[in-house]
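Okay, here's what each chain looks like letter by letter:
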Amino acid sequence: MAFLEDDEFKPNKLSKIYKVFSTQKEVSYFHDTREYIYNDKIVDINTKDPKISGIIRFLEGITPHEDVLINPFDKKVKNFLIKNYGAVATVSLMAVRRSCLESKLTLLKQINQALEDFVPAFAAECGKLFHTADRLTRYRIHNENNSIALNEKDLLRKLFFLRRSINDLKIIINNISPKNRVRSVVKMRLLEAKLTLYNSPEEIKKKLGYKQNVLSAIKDLSELYLIKHDLHEFLNLFPHIIYNGIPSKRTKILIKRIVKGVR
């Protein structure tokens, strides 16, 4: 079972999927690497176009660039998956054995946004994950991508997407094995989504109907650190969390003035 959104499969992709599933019976999930399309043209991964170079650099950075077979119940692969979570992201890059999802259809009906988390999480429950460095999918970059923001309007849409994903991610986490290492990736995405929403402007949070107190946000940041072990990220986000937890607008303005004065 392969998935395709508004991207393009290269001619040899389906035969590659068939070969892997036919010859490696332990594999339940297939994932490939992407080429990029922007404005209906294939673009080089080293493009200097300022609109998309950062996006491509980010996606290349989270994607393994070698073939890898992953046992999701091997505790040693947790750090690999956290660093290379691109191997369990983007629906158009995924294929899964139908039998792995057939028993989960009732649960799948509860998922509104997070299909790209659902598929690898439950595929991992019934086999190994295979990622290939072969670029078999042409991934389309445009302003309708839920995970990409090219401008302020796109950012608002992305935040709406994150808001709707939170419940999906909780459902997935609660229904897969604690020893399934893809669970850590899903938990990471949940925590990142909550922190992104928490640190959004108040008027946007009101539009989204999102509420979270400062202690809960600090707890989320601490849990995120335990997953990623990224001290730089922790130290960068912590003051933002404290600042956004201050209820008084006047106090916030004063703090901004003090910080600008120090700079």
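Residues numbered from 1 in each chain as written. Predicted model: local features only at pLDDT ≥ 70, side-chain atom pairs only at ≥ 80, totals over all residues. Heavy atoms only, no water.

1. Quick notes on the overall build of the chain
The helix and strand tally for the chain stands at 12 helices and six strands. Buried positions account for 46% of the 263 residues belonging to the chain. A separation threshold of at least 6 residues defines the contact pool for the chain, and within that pool the share at least 24 residues apart is 72%. A total of about 14700 Å² of accessible surface is found on the chain, and carbon and sulfur atoms cover 53% of it. (Helix = DSSP H or I, 4+ residues; strand = E, 2+ residues; numbered from the N terminus. Buried < 20%, exposed > 50% of the residue type's maximum accessible area, 1.4 Å probe, protein only. Contact = heavy atoms within 4.5 Å. Areas by Shrake-Rupley, 256 points an atom, 1.4 Å probe, with all protein chains shown as cover.)

2. Thoughts on a nonpolar patch on the surface
Together, Tyr225, Leu226, Leu231 and Leu235 give the surface a local cluster of nonpolar side chains, amounting to about 390 Å² of exposed area. Take leucine 231: it is sitting in helix α11 (residues 231–244). (Patch = residues over 30% accessible without salt bridge, like charges linked within 9 Å, V, L, I, M, F, W, Y side chains within 5 Å. Salt bridge = Lys/Arg side-chain N within 4 Å of Asp/Glu carboxyl O.)

3. As for the side chain of aspartate 7
One can find aspartate 7 in the segment before β1 (8–9). No salt bridge is formed by the buried aspartate 7; the nearest opposite charge belongs to arginine 140, separated by 5.3 Å. Within the structure, the side chain of aspartate 7 is placed 2.8 Å from the backbone nitrogen of arginine 140, a separation counted as a polar contact. Setting aside residues no more than four positions away along its own chain, aspartate 7 makes contact with Ser92, Thr137, Arg138, Tyr139 and Arg140. (Lys, Arg positive; Asp, Glu negative; His and termini not counted. Polar contact = N/O pair within 3.5 Å; in protein donor to acceptor, adjacent residues only side chain to side chain.)

4. A few points about the nonpolar core
Counting residues in each nonpolar core, the largest one holds 62 residues, and the members touching the most others are Phe122, Ile141 and Ile172. Here this core gets 10 residues from one element, more than from any other, and that element is helix α8 (residues 182–198). Those residues in contact with isoleucine 172 that sit more than four places away from it in its chain are Ile111, Ala114, Asp117, Phe118, Ala121, Phe122 and Val186. Ranked by size, the runner-up nonpolar core spans eight residues in total, among them Val20, Phe30, Phe130 and Leu136. (Core = buried A, V, L, I, M, F, W, Y, C linked by side-chain atoms within 4.5 Å.)

5. Quick word on the state of the cysteines
Considering all chains together, one arrives at one disulfide under this definition. Here cysteine 100 engages in a disulfide with cysteine 126; their sulfurs sit 1.9 Å apart. Across the disulfide from cysteine 100 to cysteine 126, rotation about the S-S bond amounts to roughly 115 degrees, and the bridge is consequently right-handed. Residue cysteine 100 is located in helix α4 (residues 98–102), and its partner cysteine 126 is located in the loop between α6 (115–123) and β6 (128–141); the two are separated by 26 residues in the primary sequence. (Disulfide = S-S within 2.5 Å.)

6. Considerations on the pattern of salt bridges
Throughout the structure, instances matching the rule amount to 15 salt bridges. With its nearest N and O atoms 3.1 Å apart, the salt bridge here joins glutamate 233 to lysine 228. Each of the salt bridges in this network shares a partner with another, and the network as a whole consists of Glu8, Lys10, Glu35, Asp40, Arg138 and Arg140.

7. Here we look at the packing of aromatic side chains
In this structure the tally under the stated criterion is five aromatic pairs. Between the aromatic rings of tyrosine 36 and tyrosine 139, the centroid separation amounts to 6.4 Å while the plane-to-plane angle is 90 degrees, which identifies the pairing as edge-to-face. Here the residue tyrosine 36 occupies a position in strand β2 (residues 27–38), and tyrosine 139 occupies one in strand β6, the gap between them amounting to 103 residues. Tyrosine 36 sits in the buried class, given a relative accessible area of 1%. Ring-pair connections join several aromatic residues into one group, and the members of that group are Tyr225, Phe234 and Phe238. Above the plane of the ring of tyrosine 139 lies arginine 34, whose end atom (NZ or CZ) is 4.6 Å from the centre. (Phe/Tyr/Trp six-rings, centres within 6.5 Å; stacked < 30°, edge-to-face > 60°. Lys NZ or Arg CZ within 6 Å of the ring centre and 35° of its normal.)

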